[in-house]
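# Architecture at a glance
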Amino acid sequence: MKRPDAGRRARLRELVASGRTLAVPGATDALSARLIEAHRFECDYIGSYATAASRYALPDTGLLSLDDLAAHARSIAGAVSVPVIADAEGGFNDPAGMWRTVQAFEQAGVCAIHIEDHEGSGKHTDLPQRLRPLEEAAARIRAAVQARSSADFLIAARSDATWIHGDFEDTVRRLQAYAGAGADLVFPTGVSPAQLAEIRRRVPRPAMIVDMPGATLDDEARAGAAIVLYYGLSALVHYDALDRALATFKATRDASAVPGYRERVQAFEDFM
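Quick look at the structure, then. (Residues numbered from 1 in each chain as written. Predicted model: local features only at pLDDT ≥ 70, side-chain atom pairs only at ≥ 80, totals over all residues. Heavy atoms only, no water.)

### A look at the packing of helix H8 (residues 168-180) against helix H9 (residues 193-202)
Helix packing geometry: the angle between the two helix axes and the distance between the axes. Condition: Note on geometry: axes are lines fitted to C-alpha atoms, helical ones only across the stretch in contact, with angles between N-to-C directions running from 0 to 180 degrees. Strands are runs of DSSP state E lasting at least 2 residues, helices are runs of H or I lasting at least 4, and numbering of each runs from the N terminus. Definitions for this section: a left-handed crossing has its near helix turned counterclockwise from the far helix by less than a right angle. A right-handed crossing has that turn clockwise. Two residues qualify as a contact provided that any one of their heavy atoms is within 4.5 Å of a heavy atom in the partner residue. The nonpolar class holds Ala, Val, Leu, Ile, Met, Phe, Trp, Tyr, Cys and Pro. Asp, Glu, Lys and Arg form the charged class, and all remaining residues, Gly among them, are polar.
Orientation of H8 relative to H9, taken along the N-to-C sense of each, is 35°, at an axis distance of 10 Å. Along this stretch, H8 crosses H9, giving a crossing that reads as right-handed. From H8, Phe168, Glu169, Thr171, Val172, Leu175 and Gln176 reach across to H9, where they touch Gln195, Glu198, Ile199 and Arg202. Taken together, the residues that form the contact of H8 with H9 break down as four nonpolar, three polar and three charged.

### Remarks on empty space enclosed by the protein
So the rule is basically this: A cavity here means a set of 1 Å grid points, computed over protein atoms only, where a 1.4 Å probe fits but cannot escape. A pocket is an open set with protein on both sides within 12 Å along at least 5 of 7 lines, and lining residues have an atom within 4 Å of a point. Grid points are joined across faces, edges and corners, and a volume is the space filled by probe spheres set on the points.
One pass over the full model with this rule turns up one cavity of 30 Å³ or more. Its boundaries defined by the atoms lining it, the largest cavity holds a volume of some 50 Å³. Along its surface, the largest cavity is lined by Gly90, Ile115, Glu116, Asp117, Arg132, Ala137, Arg140, Ile141, Ala157, Arg158 and Tyr178. At the level of secondary structure, the elements contributing two or more residues to the lining of the largest cavity comprise strand S4 (112-116), helix H6 (134-147) and strand S7 (154-159). When residues in the lining of the largest cavity are grouped by element, the largest group, three residues, is from H6. Here the residues of the lining of the largest cavity are counted per class, giving five nonpolar, one polar and five charged.

### Description of the nonpolar core
To be explicit about the condition: As used in this record, nonpolar core signifies buried Ala, Val, Leu, Ile, Met, Phe, Trp, Tyr and Cys residues forming a set joined through side-chain atoms within 4.5 Å. Remark: exposure states derive from per-residue accessible area (1.4 Å probe, protein chains only) relative to the maximum for the residue type, with buried under 20%, exposed over 50%, and partly exposed in between.
Counting 56 residues, the largest nonpolar core has Phe105, Val110, Ile113, Ile115, Ile141, Leu196 and Ile199 as its most contacted members. With 17 residues, the next largest nonpolar core counts Leu12, Val24, Cys43 and Ala112 among its residues.

### Here's the deal with the environment of Asp68
The cut-off we apply is this: Whenever two N or O atoms come within 3.5 Å, that pair is a polar contact, provided that in protein one can donate a hydrogen and the other can accept it, and provided that, for residues adjacent in sequence, both atoms are side-chain atoms.
Summarising the element assignment, Asp68 is placed in helix H4 (residues 66-77). Taking the C-alpha atoms as reference points, Asp68 and Leu185, 117 residues apart in sequence, are found 24 Å from one another. Side-chain polar atoms of Asp68 contact the backbone nitrogen of Ser65, separated by 2.9 Å.

Here's what the structure looks like:
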């Protein structure tokens, strides 16, 4: 008997193979994930950025554990019928233990994970940033591919070499090695549309990216992106909307002055 998530995993593989560019808004929680699905987006994303912010009110500086990320991903995957892509950070385990990481996300019901080569404490801070050695990072990707229970569970290999060090050629070398290790998708960060097009020419895998400031989805599609993750969309919009609403309530002492509060109760309850 097929597991309930088997069809979603096959669906995501079909979407990647279709040649279309898949826009994937980031969720913060089960409610936002369901709203994304209700607006007929074909996939949801949950990353460490939104998980840290929404679940723990923490910055995305590598503070979360495998259990933290997998548990939050489970709550999102359980709320929707579309495929869910999740952030597995650097994999959390050396190659010999990578099965634990893959199993945690498989059991959470997600359909794909990405594993990055960024390592060390103080990630995404002003402290010096470093990358895992190429061979070590490729071994983690190879182990993740070997550990999955189904080929429809996709493994995306992320390199931060351009973003962290401005080294585009190192990004290409790394993504080529990760593709050779069996990654289903490659995931360069910090690249321009022209650089993404060059990666697509030199690396024989579909490309996943985060949305590029100043570029439209059409721009990203022309550059060759298979998946575009709008990783902060829900977290940042939620922050902005609630921040404004609370400021209005504090200033007016009238909750009815907050747009979208009382007049949308019935719409919200109907949606629930």
